[in-house]
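What follows is each chain in one-letter form.
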Amino acid sequence: MASVSVNLHARNRNEDEILIFSSLGDAKAHIKKEEIETNNRYIIGYSTKNFGNSVVTSSSHKVCWVHGVNPYMYVSLGHQVLKCHHGTDKNKKKKMEKEKTKTFSSEQHSYAKKKTRHALQPSKKMDCPASIILKEVLIFTPEEGSSSELDKKMAASNVRSDLSKGIKKIMVVFPNVEHKYHTSGENAGLLQRIDSDVASKIKELVVEDGVANVEEMQRHLTSFVTKNVTPAPSKTNRRFAPTKKVIRYHMNKAAKKGCDSSDDQHNLVQLVSVLSV
Ligand SMILES: [Zn+2]
């Protein structure tokens, strides 16, 4: 991996932007805030094993330099790629393979489930190239005056010899790639899935407070979002203002206890039929 240029100050869409956070929670909170401001949405496209709790696996990790006002070195222990929810359909190839072969293995059976889902719900995938890359890194500050190529090689070699001196951080790279092929702005929230915090709130209100009326639940959710979500999301963003049908689905799900996995599958099909109305 080549060293990347850094802009730690203001968002400049002419180049990739890198931000450093102390924890994965802080990084995700920042991304969520930006999603709300722009009405965009990202989903996890790829993640290395145990991302968020990555560990040093070898002493041969690559040491990367980041130049700028305050140059530093980092070693990446793991990464996660967030893709726009209108990005490429990673199951497309699998689905096509499934079409070709009807052999039933347990693995293919799971593709069959996905296929059912997509058959009922028109795909949101539009090949938007926008993404965000998170890296779990160890950061090392070079000694002052490490400017020549030889100095840099020496510094990198020192880093590799004792990785325990690194400080664990989450690096977030915003590539200089704009959203494409889908609506943006006010209407961009209409196809968004319910936010996990809102879904949890529905569950809580059903289980703990016994809320059983959809209109009442909707009022509770409006108040919950107003109090807890900053910046204020767009009123048309379904992530925070789900339709009554989606709310009813989550209420029913919370009311049912001791669901086994076949019930979950049944619920999924129900949700899909609700979403596709
Ligand atoms: Zn997009």
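Now for the nonpolar core. Most often, soluble globular proteins have nonpolar side chains that are buried together. Membership of the largest hydrophobic core comes to 19 residues, with the highest contact counts inside it found for I202, M217, I247 and M251. Within the residue set of this core, elements represented by two or more residues are α5 (196–207), α6 (214–228) and α7 (244–255). Once residues lying within four places of it in the same chain are set aside, the contact partners of M251 are I202, V206, V211, A212, N213, V214 and M217.

Here we take up the packing of α5 against α6. It is the contact of α5 with α6, at a shortest axis distance of 11 Å, that shows an interaxial angle of 130 degrees. Put simply, α5 runs oblique to α6. The handedness of the crossing between α5 and α6 is right-handed. Residue-level inspection shows D197, V198, K201, I202, L205 and V206 of α5 in contact with α6, the latter providing M217, H220, L221, F224 and V225.

All right, on to the pairing of strand β5 (residues 72–84) then. Among the 13 residues that make up β5, 10 are buried, leaving the element largely enclosed by the rest of the structure. Strand direction decides the pairing type here: strand β4 (residues 63–67) and β5, joined by four bridges, are antiparallel. In the strand pairing of β5, V66 is matched with Y72.

In this model, helix α4 (residues 149–161) (13 residues) spans 19 Å end to end at C-alpha, consistent with the 18 Å of a helix rising 1.5 Å per residue. Of all the residues in α4, the buried ones are K152, A155, A156 and V159. In an axial view of α4, the angular spread of the buried residues amounts to 100 degrees, which keeps them on one side of the axis. Exposed and facing more than 90 degrees away from the buried side of α4 are L150, K153 and S161. Summarising the contacts, the buried residues of α4 are in contact with β4, β5 and β6 (131–140).

The next point concerns the side chain of N237. Tracing the backbone shows N237 in the loop between α6 and α7. Polar side-chain contacts of N237 include one of 3.0 Å to the backbone nitrogen of R239. Residues in contact with N237, not counting those within four places in the same chain, are N39, G189 and Q192.

Bringing the coordination of the zinc ion into the picture now. Under perfect tetrahedral coordination by four donors, a metal shows angles of 109.5 degrees; under perfect octahedral coordination by six donors, it shows angles of 90 or 180 degrees. Protein-derived ligands of the zinc ion are C84 (SG), C128 (SG), H179 (ND1) and H182 (NE2), with the metal-ligand distances lying across 2.1 to 2.2 Å. Here the zinc ion is ringed by four donor atoms whose angles at the metal span 107 to 115 degrees, and the overall shape comes out tetrahedral. Judged by its relative accessible area of 15%, H182 is buried.

Our focus in this paragraph is α7. With 12 residues, α7 extends 16 Å between its outermost C-alpha atoms, agreeing within 8% with the 16 Å of an ideal straight helix rising 1.5 Å per residue. What α7 keeps buried is the set V246, I247, Y249, H250, M251 and A254.

The geometry of α5 relative to α7 is characterised by a closest axis approach of 9 Å and an angle of 50 degrees between their N-to-C directions. Compared by their axis directions, α5 and α7 come out oblique. Crossing hand, α5 versus α7: right-handed. Of α7, the residues touching α5 (which contributes A199, I202, K203, V206 and V207) are I247, H250, M251, A254 and A255. Residue classes in the contact of α5 with α7 are distributed as eight nonpolar, one polar and one charged.

Calculation notes
- Residues numbered from 1 in each chain as written.
- Predicted model: local features only at pLDDT ≥ 70, side-chain atom pairs only at ≥ 80, totals over all residues.
- Heavy atoms only, no water.
- Core = buried A, V, L, I, M, F, W, Y, C linked by side-chain atoms within 4.5 Å.
- Buried < 20%, exposed > 50% of the residue type's maximum accessible area, 1.4 Å probe, protein only.
- Helix = DSSP H or I, 4+ residues; strand = E, 2+ residues; numbered from the N terminus.
- Contact = heavy atoms within 4.5 Å.
- Axes fitted to C-alpha atoms, helices over the stretch in contact; angles between N-to-C directions.
- Parallel < 35°, antiparallel > 145°, perpendicular 65-115°, else oblique.
- Left-handed = near helix turned anticlockwise from the far one by under 90°.
- Pairing = 2+ DSSP bridges.
- Expected span 1.5 Å × (residues − 1).
- Arc of directions from axis to C-beta.
- Polar contact = N/O pair within 3.5 Å; in protein donor to acceptor, adjacent residues only side chain to side chain.
- Donors = N, O, S within 2.8 Å, 3.2 Å for Na, K, Ca; no water.
- Tetrahedral: all angles 85-135°; square planar, octahedral: opposite > 155°, others 65-115°.
- Nonpolar A, V, L, I, M, F, W, Y, C, P; charged D, E, K, R; others polar.

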